Amino acid sequence: MGSDNLNDELARVATLHATGLLDTPEEATFDEIAHLAAHLCRVPIATISLVDESRQWFKSHIGLEARETPRDISFCTHTIMQDQIMMVEDATLDPRFCSSPLVTGPPCIRFYAGFPLISREGFRLGALCVIDHKPRSLTKHQRIALAILARQVSAQIELRRAASRLKDELRMHERTERALVSSQAEFGAFMDNSPLSAFIKNSEGVFVYVNKSFERLMGRSSEELIGCTVYQLVAREDANRLTAHDAEVLASGSPSAKTEEIVTPGGVRVTLRISKFALPSADGEVRLGAIVADVTEIERHRQEIELANANLHARVITDPLTGLRTRGYFEEMLSVEFGRAKRYGGPLSLLLVDADRFKSVNDTQGHAAGDRVLRLIGRLLVQDARSSDTVARYGGEEFAILLPETAEAAALAIAERIRAGIAEQGSEGIRVTVSIGVSSLRPDVSEPAELTAEADAALYASKESGRNCVTLYSSESPVRTTLSA
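Fair warning: this is a prediction, and the values are worked out from it, not measured in the lab.

(A) Region of interest: the overall build of the protein. Each helix and strand in the protein was counted, giving 15 helices and 17 strands. Across the 485 residues in the protein, those meeting the buried criterion constitute 48%. Within the protein, contacts between residues at least 6 apart in sequence are counted, and of these 56% link residues at least 24 apart. When the accessible surface of the protein is summed, it comes to about 23700 Å², and 52% of that surface belongs to carbon and sulfur atoms.

(B) Molecular detail of helix H13 (residues 367-383). Between its terminal C-alpha atoms H13 stretches 24 Å, which fits the 24 Å expected from 17 residues at 1.5 Å a residue. Buried within H13 we find Ala369, Gly370, Val373, Leu374, Leu376, Ile377, Gly378, Leu380 and Leu381. Turning to H13, the residues buried within the fold contact strand S12 (348-355), helix H12 (358-365), strand S13 (390-393), strand S14 (398-404), helix H14 (408-425) and strand S15 (434-440).

(C) Local environment of empty space enclosed by the protein. In total, this model carries 3 cavities of 30 Å³ or more according to the counting rule given. Surrounding the largest cavity, 16 residues form its lining, Phe199, Phe214, Val230, Leu242 and Ile274 being those nearest its centre. Of the residues assigned to the lining of the largest cavity, the class counts are 13 nonpolar, no polar and 3 charged. Here the second largest cavity is characterised by a volume of approximately 40 Å³. Lining the second largest cavity we find Ala355, Asp356, Phe358, Val361, Val373, Arg431, Val432 and Thr433. Here the residues of the lining of the second largest cavity sort into 5 nonpolar, 1 polar and 2 charged.

(D) Structural context of the sheet that holds strand S1 (residues 45-51). Pairing is antiparallel in the open sheet, where 6 strands are placed in the order S3-S2-S1-S6-S5-S4. Looking at which strands have only one partner, the edges of the open sheet turn out to be strand S3 (68-70) and strand S4 (86-88). Sheet twist, expressed as the mean angle between neighbouring strand axes with direction ignored, is 25°. Relative to S3, strand S2 (residues 55-62) runs antiparallel, the two being bridged by 3 bridges. Along S3, the bridge assignment pairs glutamine 56 with threonine 69. Sheet contacts for helix H2 (residues 28-41): S1, S2 and strand S6 (124-132); angle to S2, the most-contacted strand, approximately 75°.

Reading guide: rules and limits
- Residues numbered from 1 in each chain as written.
- Predicted model: local features only at pLDDT ≥ 70, side-chain atom pairs only at ≥ 80, totals over all residues.
- Heavy atoms only, no water.
- Helix = DSSP H or I, 4+ residues; strand = E, 2+ residues; numbered from the N terminus.
- Buried < 20%, exposed > 50% of the residue type's maximum accessible area, 1.4 Å probe, protein only.
- Contact = heavy atoms within 4.5 Å.
- Areas by Shrake-Rupley, 256 points an atom, 1.4 Å probe, with all protein chains shown as cover.
- Expected span 1.5 Å × (residues − 1).
- 1 Å grid on protein atoms, 1.4 Å probe; cavity = no way out; pocket = protein on both sides within 12 Å on 5 of 7 lines; lining within 4 Å.
- Points joined across faces, edges and corners; volume = space filled by probe spheres on them.
- Nonpolar A, V, L, I, M, F, W, Y, C, P; charged D, E, K, R; others polar.
- Pairing = 2+ DSSP bridges.
- Axes fitted to C-alpha atoms, helices over the stretch in contact; angles between N-to-C directions.

As C-alpha cells, then:
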C-alpha cells in the first residue's frame, strides 16, 4: 500500500473511531433504518456495517446473529472502495466471494447489495447492506431507496459526532464555571482564551465583563458592550425572555441552563445554549455569570435530519400512483385497530375492493388509461372515507378500506354506497365497476390475517357472482351475496 493510501486509511479509521459508535449496544434509530431497508428490498437480512482495521462490526444486524466478522472475508471491504452501490447477484459465481466462508457456510450469502456510509470528509466508514440466501437483484426503485437510507445512516453518524463535540464543549463549560468560582484572576485569563462566550452582569442587569468570544458573537467590542443592558443589543421580545431567566437564577441562587434563539445586533439569527449562575461578591452584591455555547449549526443539522426522516417516512407509506396508503402501512394499522377492537370489544370491519375487468382496460386502452381508472377509484374511495378510516392500494388493481368502530350492517351500507358511486362515474368513456368483499370482526377471529382472508373470500364470491356487487363473509356458510348491481 502506497504512503498516500496508507495515510488515507489511517485517517479513515481515525474518523470511524471518532464517531464513538464501535462496540456500542443496538439502538432503535439505526435498527429502524435497517428494518426499513430489509422491508423495501424484500430480503431477510440487513446490516449497518462499520469497517475498522481488522473487522467489520455491525451497529445493526437484522436477521443475523453475528456482531462482527473478519475484514478480509467481508463483502463491505469491497463496498467501501467505491462511492455507489455494490451489488453481487450470485456470490457463488463471483470469484471474489465464491470461496468465502460467509458464502460456503452460515449465513450462506448468495445475494448482497451495499451502499457506502460516507463521512462529511469523504471517508467511507462502512456500508448499509441487504443480504439474501438466494440469488436475485434489486429494482431501480429499491436501489434508490437503499441509497437514501444509507445517506440517512451517514447523517445520523454525523449527528453523533456533532453531539460528541458538543459534550466536549459542555465539559469545558463546566470546568470554566469552576474556574469562575475559584479564582477571579484565573477567570479573566482563561475566559479570554475560551472558545465559549461568557459575560457577567451586575444586579441591575448591566454588563460588567465580556470575553473575546462574546464580543465576536455580538459583533461589538468590550468597550461597546460593558455598561449596556441586553435591551440595547437585541429585540425587546428576546430581551424580556433573557431578563426573566436572569431573575429566576438570581432569585433561586441555583444554576440554570436554557436554549434560546435570538437575533444578534448584526442581524444574524443564532441558537444559543446559555448557562447562568449567581456570583456573590465580596461587597455583598450578587452578580450574574453566564457561559454561552453557539449551537446554531447543531440545531440546524438536527432539524434537517428530522425533516429528511419525515419526508422519507411519507414516501415509504404512500402509493405514488394513487396517493393512497401502501399495503405495508395498511397492515400495520389493521394490527393496531384489531388489537384495540379485541381489547375493548368494539366493532371492526374490512373492505377489499377490486376493479372489474381491469386487465382488459390495460390491454385495449393502454396502461395510461388503466392508471387513470386506478386514480379515479382511489379518489372516490377517499371521498367516501372518514378521517378514522384507512384507505390503501392493496395490490395492482385491488384496494383495501379499514373501518374502525364499524359493525357489519354499517360496513355493508358503506360498501354498497362505494360500489354504486363508482359505477355512476366512468373514466373518459371507460365503464368502471368494482367488486367488494366485506368481513367484520367476530369473537372467534383471533388474528388480523383471518379478517383479511375472510374479506378476500367474500371478494372472490363477488367476482364469481358476476362482478359489480358486494358480498359479506358469513361464518355459517363460506360467503353470501348481499347486494348487487
